[in-house]
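The residues making up each chain are set out below.
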Amino acid sequence: MWLLAAMAFVVAPHVLRLPEWVGVFFVLVVAWRAWIAWRAARTPPRWLVLALTLGAVVATFLAYGRIMGRDAGTTLLVLMAALKLLEMKTSREIELAIHLGFVLVMTNFLFSQTIPFGIYMLACVWLFVATLVGHQRGAGRTPTVRERLAPAGMLLLQAVPLMLVFFILFPRVQGPLWALPQDARAGLSGLSDSMTPGNISKLIQSEATAFRVQFDGEIPPYAVLYWRGPVLWIFDGRTWRVPEFSIAGSQEYSRAERPVRYAVTVEPHGKHWLFSLDVPGTLPRGAGIRHDLQLRSIRPVDSRIRYEMTSYLDYRYGEKLPSAFRGLALSFDERRNPKTVALGRRWAAEAASPVEVVNRALQFFNTQYTYTLEPPILASDDPYDEFLFETKRGFCEHYAGSFALLMRAAGIPARIVTGYQGGEVNPLNRELLVRQADAHAWVEVWLEGRGWVRLDPTSVVAPNRIDAGINAALGPIGVIPSLIAADRLRVLAALRFAWEALDSQWNQWVLGYNVERQRQFLSSLGLEIANWKDLALWLTIATLAVGGFVGLGLVLRDLPVRRDPAVLAWNRYCAKLAAAGLARAPHEGPLDFLARVESLRPAIAPEAREITERYVRARYGDGLSKRENRELLGLVRAFAPAGALRGRRAA
Amino acid sequence: MFADLRQSIADWIFRTRHPEAPPVTLVQRRIFILPTRQGYLFGLVLLVLLLASINYSLSLGFLLTFLLAAMGAVAMLHTWRNLAHLKLRPGRCDPVFAGDTVRFRVVIESPSRERFAVAIRRRGEPPAFVDVRAHEPAIASLAVPAPRRGRLACGRLEIFTRYPVGLFHAWSYFDFGLSAIVYPRPDPAAGLPPPQTLAGDDEGIPIAGDEDFALLRGYRPGDPPRQIAWKALARGDDLLTKEFQATASAELWLDWIDARAPDPEARLSVLAHWVIEVERLGQSYGLRLPGTAIAPGRGDAHRARCLEALALHGVEDGP
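Residue numbers here run from 1 along each chain, matching the order of that chain's written sequence. Chain letters start at A and ligand numbers start at 1, both assigned in the order the entries are written. Only residues with pLDDT of at least 70 get local features here, since the model is predicted, and only at 80 or more are side-chain atom pairs given and counted; chain-wide, interface and lining totals rely on the full set of residues. For side-chain calculations, the full set of non-hydrogen atoms in the structure is used, while hydrogens and water are omitted.

**Things to note about the confidence of the model for chain A**
Residues and elements named next belong to chain A.
1) Next: Here pLDDT means the predictor's own confidence in every residue, given as a number from 0 to 100. Looking at chain A, the pLDDT average stands at 79 and 87% of residues meet or exceed 70.
2) Next: Within chain A, the lowest mean pLDDT, 48, falls on helix H17 (residues 481-488), and the highest, 90, falls on helix H6 (residues 115-137).
3) Next: Whether two residues touch is decided by their heavy atoms; if any such pair falls within 4.5 Å, the residues are in contact. Segment residues 475-486 is flagged for pLDDT under 50; beyond a separation of four residues in sequence, or across chains, it makes 19 contacts in the model.
4) Next: Here residues 646-651 is a poorly scored stretch, pLDDT under 50, and it has two contacts once near neighbours within four places are set aside; other chains count. Helix numbering and strand numbering both begin at the N terminus, where a helix is a DSSP run of H or I of at least 4 residues and a strand a DSSP run of E of at least 2.

Next up, the structure:
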């Protein structure tokens, strides 16, 4: 049965995402329904369906603790769809089930909106419409597969122009209209507002896109692409955190002449921060900057957003450090990580200047440490002691964390910056793609007279990491086997770049088409849209134009065929003869009429014969070409029975 | 509910319409279109989808919503097109006996494309669906029960379609003034007409083979096929009809007076049975009713004439 198949297709992706019991339930119910349809068995009694429905609601509530929200709501819808199939008998219920199917397609988009998935869902919609068509055909003989799919496909195809008009011009509202349920953005990955040894290395396993950058002009060298995210000040001996308070940033920094211009399209991560290079020159709309150069969006980044930025890579800032910040940047728990603290203090005592301490620390990391994605777990209460003096194998957060602690112990103000480093340039569209795998943590120390200076201890341990990216740093065993495998084969790499370029366009123009993009796009078309009323006006105009076009195309095809030119010519011929006193009787065929004309008016016989023969061939023979039709019309025009009569009389 | 509402509105708008001469072409302005209940529900679903798309900023959600909405709009056009320019003619409508089912037939012709699931219905009755191929007349046959004898008027018919997706109901009305003759139900218990009605002869009813062949005459429309001189036709002559001379003694009058029955309807039933039986025996017979008489004769045309007289006896014979 068509509906069962369509429903199974649309639910299949959900089954993989939702708890197993939902899938099992759905498959069982659909199998039961298929069996009923196949064996023409009886549908289950109403009370059983009702009981199952109640059971489904209760089970959903038990599983999620509620029945609303993305996951719970979807689960409930899937279960209801299954039960609806079960009790489906009347045509009304079938149509209802199809509508439910459309809603299920929508719920799928809550989970994924990639190109392949969109195509898959389009196929599902097609199946549903085909089911509707088949259902309407119902009364007669059962329609064939083609008779269902072809009209449904035609309908959808003819709907595409109007869909595009609406998509482009429908006034977009900045969602959400009401508070999103808690889990609306579940599964978003990204940086968090704290750093514990081990949490960034988890993120690094992910190939997911963090954001994309389109540079205006040349792409700066890889080694300076430090994308700043959350800045961590608070340290409790194990975890570094973003301070609770927030102070707006001052613009007190000196900077070089040339800014870098770029546009960032950031994937939703559910938090506030945005990413930028070093010192921002201009701020995007709806964003602010903190004193520690942390760029923050006013709304949480719940959907893909795009912003334009300028940054200065050559800068000095924070040359004056207020004492409150200084205190914060020096504080640590004396009782934790005693060995590390002692080491820092010893360096401070032995060195003449903070710069010397910094150099010594970098030297220290350079000699004895190994960069690895799978560091040993640090379980003790003094994790940095354990790392520095025992395991000596770590990842960027280990290096950044222990380095910052050493600096603080040595009396140098230090803080941790998390974010992303580097990215991958797609040669096709010159776009930099930054993945979660590029997540990074580094240190900023404050030096008298220089302000805050970026130091990356990881770069000392694994210079490749900064120069060429994570895959190079980890060598052949690699983090992301699929990516490396792809890189080995040129063709695959080219394909991957092409796909990513396409995906980027998809993200920017389809998925990221929001209020801002809409205005931008329309003004590039020359439409200045001041408010939604303009938009509604244009929408109406475009809808009428496009709809009218499609509609006329359909309606005109049906209008009665225009009369055959041969017939028009013939009628004119008859009218001329009638005017000359020789009217054709209604029952008279063309040849009979010709015979009469020939006998009564021999003078015009040759012309009459010519015209009649052509007409007969046009109507009863194999038809006339366009040229022959014109010739016939010319003959009829030249035909002058009255004149011929007069001429004969005159003679 | 919507169907009822639409029906009553339609009744109000189209309350006066006289029967039209066939053929009727469903031109643009004759066709009405409104969403079905399913269509309104679809609209509601679209609204839900739109709200969800806005709330969750789902671009593909917007695309889905707009695709479905545009599909609905296009479907409206298709539904309308499925009915437009159809040509309707009344079809054959055979008389039946009371208690049987009349089949009103409408011939539907499509001048252009193939049309699917076009339905004809009388008000409040189940529709008859038919697919109409291009240039190939299709016949929609409406079964209407005929409980009583007389003339069963078909009344105004609705032609409608919901193809392709059932979101819209396009319809039009037409009235050819179709009617069907409903014969009285024959009373099987009536037996044969009483012998005394045989005009002074005791021989009883002669059987078919005994009659004398009288002459051949030219075929007239309505002559029963079994009286056609097929052999003459085979020889190359024109269509001829064999005429039989019924003997005077075999002339039989089926009389209202003789049909003993408690009420006029039952009498008519008895007479109907007699007509059928006597015709089957090949006897020539006449029919006498209060106010009318049909001269003796034979054959299918005569039988039909007699039964029709019975059907319409005492019935206002208006269109």
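Here the narrative resumes.
**Considering the side chain of Thr60(A)**
Residues and elements named next belong to chain A.
1) Next: Mapped onto the elements of the fold, Thr60 is located in helix H3 (residues 46-64).
2) Next: Residue Thr60 is classed as buried on the basis of its relative accessible area of 0%.
3) Next: What Thr60 contacts, discounting residues up to four positions off in sequence, is Trp21, Gly65, Arg66, Ala72, Thr75, Leu76 and Leu79. Each residue gets one of three labels from its accessible area relative to the maximum for its type: buried under 20%, exposed over 50%, partly exposed in between, using a 1.4 Å probe on protein chains only.

**Looking at a nonpolar patch on the surface**
Residues and elements named next belong to chain A.
1) Next: Taken together, Val58, Phe61, Leu62, Ile67 and Met68 make up a surface patch of nonpolar side chains, about 530 Å² in accessible area.
2) Next: As for its placement among the helices and strands, Phe61 is situated in helix H3.
3) Next: Assessed through its relative accessible area of 45%, Phe61 is described here as partly exposed. Surface patches are drawn from residues lacking salt bridges whose relative accessible area is over 30%; two like charges belong together within 9 Å, two nonpolar side chains (Val, Leu, Ile, Met, Phe, Trp, Tyr) within 5 Å. Using a 1.4 Å probe, the Shrake-Rupley method yields the accessible areas, and only the shown protein chains count as cover for residues. We count a salt bridge whenever a side-chain nitrogen from Lys or Arg sits within 4 Å of a carboxyl oxygen from Asp or Glu.

**Observations concerning the pattern of salt bridges**
Residues and elements named next belong to chain A.
1) Next: The full count for this structure, using the stated rule, is 27 salt bridges over all chains.
2) Next: With a shortest N-O distance of 2.8 Å, Arg627 and Glu631 are connected by a salt bridge. Taken together, the positions of Arg627 and Glu631, both in helix H24 (residues 626-638) and four residues apart, correspond to about one turn of that helix.
3) Next: Note on Glu631: relative accessible area 32%, which makes it partly exposed.

**Focus: the sheet that holds strand S16 (residues 285-289) of chain B**
Residues and elements named next belong to chain B.
1) Next: Note: two strands are recorded as paired if DSSP finds a minimum of 2 bridges between them. The strand order across the open sheet formed by three strands is S15-S16-S17, and the pairing between neighbours is mixed. Of all the strands in the sheet, just strand S15 (252-255) and strand S17 (292-297) have a single pairing partner and so form its edges. On average, adjacent strands in this sheet sit at an angle of 15° to one another, irrespective of strand direction.
2) Next: Axis definition: a line fit to C-alpha positions, over the contact stretch in the case of helices; interaxial angles, taken between N-to-C directions, run 0 to 180 degrees. In this fold helix H5 (residues 264-281) packs onto S15 and S16, with an angle of close to 160° to the strand it touches most, S15.

**Points about the sheet that holds strand S1 (residues 24-25) of chain B**
1) Next: The strand order across the open sheet built from four strands is S1-S3-S5-S8 (chain B), with neighbouring strands paired in antiparallel fashion. Because the sheet does not close on itself, it has two edges, and the strands there are S1 and strand S8 (138-145) of chain B.

**Observations regarding the interface of chain B and chain A**
1) Next: The interface is formed by 47 residues belonging to chain B together with 55 residues belonging to chain A.
2) Next: Taken together, the two surfaces of chain B and chain A that pack against each other cover about 4,800 Å², and 73% of this comes from carbon and sulfur.
3) Next: By buried area we mean the combined loss of accessible area, with a 1.4 Å probe, across both parts when two parts are placed together. Considering only the surface of chain B that becomes buried against chain A, Asn55(B), Tyr56(B) and Leu60(B) emerge as the three largest contributors, covering 15% of it.
4) Next: Viewed at the interface, chain A and chain B are joined by one salt bridge.

**Some remarks on the nonpolar core**
1) Next: Take the buried Ala, Val, Leu, Ile, Met, Phe, Trp, Tyr and Cys residues and link them wherever side-chain atoms come within 4.5 Å; each set so joined is a nonpolar core. Of all hydrophobic cores here, the largest spans 91 residues; its most connected members are Met7(A), Val10(A), Phe109(A), Val129(A), Leu68(B), Met71(B) and Val165(B).
2) Next: Of all hydrophobic cores here, the second largest spans 46 residues; its members include Trp347(A), Ala400(A), Leu406(A) and Ala441(A).

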